[in-house]
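Next come the chains, spelled out residue by residue.
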Amino acid sequence: MKLIYSKKYTQYTRLELMEKVSAQMSKKRFTHVLGVEETAIKLAQMNNGDVEKASIAALVHDYAKERADEEMIAFIHSHHLDEELIIFGNNIWHGIIGAELIKLELGIHDEEILNAVRKHTTGDMVMSLLDKIIYVADYIEPNRRFPLVEQARKIAFENLNEAVKFETKHTLEYLIKQEALIYPKTITTYNTWVATVNRHLNK
Ligand SMILES: [Fe+2]
Ligand SMILES: [Fe+2]
């Protein structure tokens, strides 16, 4: 792929950033990251989004996914983050703390990029175009295999807001089936994007 970064958001070239990210994770996860990038770029192009920001946010979105739990818990304490975070585990930490680690370790300070990382697993009440692109690309990238993925892809390439709705509804459904903990923000996302009474907020 020929995507030349402007250096506005990162000091690195795309290839250098890819190397930094791949050093943090397994081959399999890095393949997922590249799939998210490819999808995010497509979604950005289709929705008049910023392709460079979509690429950077996608490349770094799972930067902290393989960090040791002890390191993440120590970070929550040392940075005085909400201790309630601790029970939710890395599925939630890697977005919120990941954004801080990306700032500290990769020198990326663009708040729009960092917010897309923060929100990529839970969504949020208010989501920017980039937030939606990363949230949806993470769910439908070409390496994903789950029963509803084809339907999710079709919706995503037709209407990004509908894709946010679809993903939020089915993620919550899945978590409940697993009897998994639900992070409160996931419910807020559901209330805003899925529950009919509030849907006008995101139209
Ligand atoms: Fe993630
Ligand atoms: Fe991911």
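In this text the structure is predicted, and so the values were computed from the model without any measurement.

Another point: the overall build of the protein chain. Of regular secondary structure, the protein chain possesses 10 helices and zero strands. When the helices and strands of the protein chain are listed from N to C terminus, the series reads α-α-α-α-α-α-α-α-α-α. C-alpha extents for the protein chain along the principal axes are approximately 45 × 40 × 30 Å. Per-residue burial for the protein chain yields a buried fraction of 36% across its 203 residues. Relative to all contacts within the protein chain whose residues are 6 or more apart in sequence, the contacts with residues 24 or more apart total 61%.

Now for the nonpolar core. Counting residues in each nonpolar core, the largest one holds 44 residues, and the members touching the most others are A40, A57 and V136. Every element with two or more residues in this core is listed here: α1 (14-22), α2 (27-46), α3 (51-60), α5 (90-106), α6 (111-118), α7 (129-140), α8 (149-156) and α9 (160-177). At eight residues, α7 tops the list of elements feeding residues into this core.

Before going further, it helps to spend a moment on the packing of α3 against α6. Following both chains from N to C, one finds α3 and α6 inclined at 40°, their axes separated by 9 Å at the closest point. The angle between the axes of α3 and α6 places the two elements in the oblique class. As for the relative orientation of α3 and α6, their crossing is right-handed in sense. Of the residues in α6, those in contact with K53, I56, A57 and V60 of α3 are E112, I113, A116 and V117.

What follows covers α9. Taking 1.5 Å per residue as the helical rise, α9 with its 18 residues ought to reach 26 Å, and the 26 Å between its terminal C-alpha atoms agrees with that figure. For α9, the set of buried residues is L160, A163, V164, K165, F166, E167 and T168. Contacts made by the buried residues of α9 are with α2, α7, α8 and α10 (184-193). Following α9 by one or two positions, E179 has its phi on the positive side, about 55°.

Moving on, we come to the environment of N159. In this fold, N159 is placed in the loop between α8 and α9. Along the chain, N159 and M46 lie 113 residues apart, while their C-alpha atoms are 9.8 Å from each other.

A positive phi angle is found at N48, which is not glycine, with a value near 55°. By the element assignment, N48 lies in the loop between α2 and α3. Given 8 C-beta atoms within 10 Å, N48 falls into the exposed group.

This brings us to α6. Listed as buried for α6 are I113, N115, A116, V117 and R118. Buried positions along α6 lie against α3, α5 and α7.

Another aspect to go through is the packing of α6 against α7. Each packed pair of helices is defined by two parameters, the angle between the axes and the distance between the axes. Where α6 contacts α7, the axes come no closer than 8 Å and their chain directions differ by 40°. Crossing hand, α6 versus α7: right-handed. Here E112, N115 and A116 of α6 come into contact with α7, specifically with L130, D131 and I134. Looking at the contact of α6 with α7 residue by residue, the class counts come to three nonpolar, one polar and two charged.

With respect to the helices and strands, I56 occurs in helix α3. For the pair I56 and L114, spaced 58 residues apart in the sequence, the C-alpha separation amounts to 10.0 Å. Other than its neighbours up to four places away in sequence, I56 contacts Y9, T10, L17, I108 and I113.

What counts, and at which threshold
- Residues numbered from 1 in each chain as written.
- Chains lettered and ligands numbered in written order.
- Predicted model: local features only at pLDDT ≥ 70, side-chain atom pairs only at ≥ 80, totals over all residues.
- Helix = DSSP H or I, 4+ residues; strand = E, 2+ residues; numbered from the N terminus.
- Buried ≥ 20, exposed ≤ 12 C-beta atoms within 10 Å, placed from the backbone.
- Contact = placed C-beta atoms within 7 Å.
- Core = buried A, V, L, I, M, F, W, Y, C linked by C-beta atoms within 7 Å.
- Axes fitted to C-alpha atoms, helices over the stretch in contact; angles between N-to-C directions.
- Parallel < 35°, antiparallel > 145°, perpendicular 65-115°, else oblique.
- Left-handed = near helix turned anticlockwise from the far one by under 90°.
- Expected span 1.5 Å × (residues − 1).
- Nonpolar A, V, L, I, M, F, W, Y, C, P; charged D, E, K, R; others polar.

Keep in mind that these numbers describe shape and distance, not what the molecule does.
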